[in-house]
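Each chain is listed here by its residues.
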Amino acid sequence: MVSRRQFIKNTGKASFALWLGATSNGFANVAFITDAPSNFTPFVKIEKNGKITIFNTKPEMGQGTFQSVPALIAEELEVSLDAITIVQTSGEKQFGGGQAAGGSSSIRGNYDAYRKIGAAAKEMLIKAASVKWGIGIESCYAENGSVHSKLSKEHLSYGDLIEEASKLEVPKEPKLKNKSDFKIIGKSIQRPDVPLKVSGKAEYGIDVEVPNMVYATVFRSPVIGGTLKSFDADATLKIPGVIKVVEAKTTVGKYQYSGVAVIAKSYWSALQGRKVLKVEWDTNGYENFNLSDYENKLRNLSKETGVLDKNIGNVESVKTEPGNSVESFYETPMVAHHTLEPMNCIAHVNGEMLTIWTSTQVPSAITGSGPNDLHSQIGMKPENITLHSKFIGGGFGRRLYTDYVIEAVNIAKQIEQPVKVIWSREDTTQHSAVRPMTFSQLKGGFSKEGELISFQHKVISPSYFDSVGPNFDKTKVDAIMIEGIGEQAYQIPNIKTSYVYADFHVPVAAWRSVTSSTVAFAHECFIDELAHKVKKDPLDFRLQMLDKDSDTKRVLLKLKEVSNWDKPLPKGKGRGVAQWEFFAGLCAHVVEVSVTKDNTIKIDKVYAVIDLGEVVNPDNVKNQIEGSIVMALTAAVKTGITIENGKIKQSNFNDNPMIRMHETPEIEVHILADGGKIKGVGEPGLPPFAPALANAIFSISGKRIKKMPFDLKLS
């Protein structure tokens, strides 16, 4: 709490406001315009003139946090979203270290905490009104930014009550509203960022222009792992508008790279200068690297035992009769993130001070003082770094990393003006970290009665943790790379999961739903293989392994209902099912397909059921599921990332295409929000799609797909 002496000092100021937020000692506290405690993180500011500001600390990249975070606070505070001002934070120290968006965690990790902040403020304002009127708290209620008396027609705005409220203890456990009383949460309410985006008023990182700004583009080694030997900029410096040519260094996890930056008065001039730049690279032998050879290496590594992840029961002791076991091998490719907004960053170094304008998923990592935050990579003090964080034109995990910021800062150190570094689509495709390929070896065994009694899943892949840091212990399991394979709710008495590490010189990164986007394909396609082995319906087979009540069982039962699974499909149609539960949440799909006259698979409809525990905005959930399915479909059937002679072969959407509108199937989304564990939205809709589609193709063609990307044209 703020001291009474400090309160008296602040009440004499012309400007006065009540702040509510979180501290390290508790979820809520109270402060004023200035002199807040050092451990205070404000979320709500109520001013004497009635203006209410709610601060959103979760970057907005299309997933809806610009609405969902303020909505939780506003619901309990009894104010409409139309009556508040939403301010996006930019890594400022006073807003704490949680200013980041990733892992579908923005709501699932803070659902009750945000509500408590609003509820605490409301209780304090009601108490303040009751004191002013000399009546009991029970005779007051809050509504539309005011406290009303039940005994009369009197009401006081929140602005009228902040001085009195500031004197009160903040309730440690404020009472939260009943779900039946919600006015915002659970309702399909227009997102406040959408009008800004459709009108062009929303500012993304790539939109920003600052006074005296110059532009830069970077020539990077075409061969991944190549290092800079020398460059000749004579021809480049003759291009009109080109100012300077400098070395550009950056760090991507444990990897360090150097390129050559062309700085010019316009981006066009910089590009023209780059075209005539002469650069000599040391490719360090990586020019001999071909992905096809590496994939053969992964196939050979599958013979290794690997590192044990989970061991339930004892699969080695299970003896199955000949013909009662199934073995399979599945392969998934590397893919690019393909954010709609290419990577970009403006940096200005002025003496010891640094100012950054960019779109990032991790503002806290850019301004933070942690050992791995930006300051440690650029040799500057964290307190001297100022960030202006903008709307993000697609993150998908790519903007969890700060390599493009590090590079911009290192260029800015070599020129006295703000410099805007823009990555072309080709740069973004060929020089970003990728989602790594994962190969899976699976084995299942049945009892004489046809019950699944053993299940094994071994993942063979590069390591995420090895890529992001130099201290990965290769004798241990990379938990990211075996994500979810030992966590499914299926009741199988003997389960073994393991991991085989594969050395890789290409930086890898989290991609929407991380490794679940690959291992779920193998896992859930194999479940279908097992069902087919014992001649059981694939959805019923899953449910038979879910005797106990679980979220997975509820989702599958709902999916069975809404998809009319038990109703036979017309001739020429097929369907497949898959589910996946992992750190971000739980979702399941049924995909219906048919075969066209030219023997091509047509995806007719997707039924999706997602379990959230609670839902903030149903429309936004549907948007996220639809987006996940489109992204999953792209990864399933479009060209992945391949490497030939050390270089990424793909460069743009012409040779690394995305799903087009006419290729997008009808999608029907159902939401379970019946209480229980709060789950995420942004990623869970992706992992089950590819296996559900592959299983549907098998149901209509008898063709078992075990490798992505796969062709929808049946041979």
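So, how was this worked out
Residues numbered from 1 in each chain as written. Predicted model: local features only at pLDDT ≥ 70, side-chain atom pairs only at ≥ 80, totals over all residues. Heavy atoms only, no water. Axes fitted to C-alpha atoms, helices over the stretch in contact; angles between N-to-C directions. Helix = DSSP H or I, 4+ residues; strand = E, 2+ residues; numbered from the N terminus. Left-handed = near helix turned anticlockwise from the far one by under 90°. Contact = heavy atoms within 4.5 Å. Nonpolar A, V, L, I, M, F, W, Y, C, P; charged D, E, K, R; others polar. Phe/Tyr/Trp six-rings, centres within 6.5 Å; stacked < 30°, edge-to-face > 60°. Buried < 20%, exposed > 50% of the residue type's maximum accessible area, 1.4 Å probe, protein only. Lys NZ or Arg CZ within 6 Å of the ring centre and 35° of its normal. Pairing = 2+ DSSP bridges. Core = buried A, V, L, I, M, F, W, Y, C linked by side-chain atoms within 4.5 Å. Salt bridge = Lys/Arg side-chain N within 4 Å of Asp/Glu carboxyl O.

Contact geometry for helix H2 (residues 65-77) and helix H3 (residues 111-133): axes closest at 7 Å, N-to-C directions at 30°. Here H2 runs over H3; the crossing is right-handed. Of the residues in H3, those touching H2 at Val69, Leu72, Ile73, Glu76 and Leu77 are Tyr111, Tyr114, Arg115, Gly118, Ala119, Ala121, Lys122 and Leu125. Looking at the contact of H2 with H3, its residues break down into 9 nonpolar, 1 polar and 3 charged.

Bringing the packing of aromatic side chains into the picture now. Taken as a whole and assessed by the stated rule, the structure comprises 17 aromatic pairs. With a centroid separation of 4.9 Å and 45° between ring planes, the pair formed by phenylalanine 55 and phenylalanine 95 is classed as tilted. Pair noted here: phenylalanine 55 is in strand S4 (residues 52-56) and phenylalanine 95 is in the loop between strand S5 (85-88) and H3, with a separation of 40 residues, a long-range link. The exposure class assigned to phenylalanine 55 is buried, which follows from its relative accessible area of 9%. A relative accessible area of 7% places phenylalanine 95 in the buried class. The interplanar angle of 80° and the centroid separation of 5.1 Å between the aromatic rings of phenylalanine 582 and phenylalanine 583 together place this pair among those described as edge-to-face. Owing to a relative accessible area of 35%, phenylalanine 583 belongs among the partly exposed residues under this scheme. Connected via pairs of aromatic rings, a cluster forms that spans Trp19, Phe55 and Phe95. Over the face of the ring belonging to tryptophan 423 we find arginine 220, whose NZ or CZ atom lies 3.8 Å from the ring centre. The ring centre of phenylalanine 698 lies 3.6 Å from the NZ or CZ of arginine 704, which sits over that ring.

Here the focus is the side chain of asparagine 56. If you trace the backbone, asparagine 56 turns up in strand S4. With sequence-adjacent residues up to four places away left out, asparagine 56 is seen in contact with Thr65, Phe66, Val69, Pro70, Ile86, Val87, Gln88 and Thr89.

An order of S14-S22-S21-S20-S15 is seen for the 5 strands of this open sheet, with the pairing classed as mixed. Edge positions in the sheet fall to strand S14 (307-312) and strand S15 (325-332), since each of these pairs with one other strand and no more. In this sheet, adjacent strand axes meet at a mean angle of 10° when their direction is disregarded. Both S14 and strand S22 (residues 494-501) contribute to a ladder of 5 bridges, which runs antiparallel. Considered in S22, the bridge of valine 307 is made with tyrosine 499. Across the sheet, helix H14 (residues 516-533) touches S15, strand S20 (438-446) and strand S21 (452-461), and the angle it forms with S15 is around 150°.

Examined against the element boundaries, leucine 277 turns out to sit in the loop between helix H7 (267-275) and strand S13 (278-282). For the pair formed by leucine 277 and leucine 237, sequence separation is 40 residues and the distance between their alpha carbons is 9.0 Å. Every residue in contact with leucine 277, bar those within four places of it in the chain, is listed here: Phe219, Phe231, Asp232, Ala233, Thr236, Val245, Val260 and Val262.

What follows is about the nonpolar core. General note: in soluble globular proteins, nonpolar side chains tend to be found buried as a group. Within the largest apolar cluster, 72 residues are counted, with the highest numbers of intra-cluster contacts made by Phe521, Leu530, Leu559, Val591, Phe689, Leu693 and Phe710. With sequence-adjacent residues up to four places away left out, valine 591 is seen in contact with Gly574, Arg575, Gly576, Ile603, Lys605, Val606, Phe689, Ala692, Leu693 and Ala696. By size, the runner-up hydrophobic cluster in this structure holds 48 residues, among which are Leu18, Ile54, Tyr114 and Val616.

Side chains that carry opposite charge are capable of pairing whenever their charged atoms lie near each other. Inspection of the entire model under this criterion finds 50 salt bridges. The residue aspartate 528 makes a salt bridge to arginine 542 at a minimum N-O spacing of 2.7 Å. Here the residue aspartate 528 occupies a position in helix H14, and arginine 542 occupies one in helix H15 (residues 538-544), the gap between them amounting to 14 residues. Classification of aspartate 528 by relative accessible area gives buried; the value is 6%. Relative accessible area serves as the criterion here: at 0%, arginine 542 is assigned to the buried category. Close ionic contact of lysine 706 with glutamate 529 constitutes a salt bridge, the shortest N to O distance being 3.6 Å. Here the residue lysine 706 occupies a position in the segment after helix H18 (689-701), and glutamate 529 occupies one in helix H14, the gap between them amounting to 177 residues. Taken together, the salt bridges that share partners define one network made up of Asp551, Arg554, Asp611, Asp674 and Lys679.

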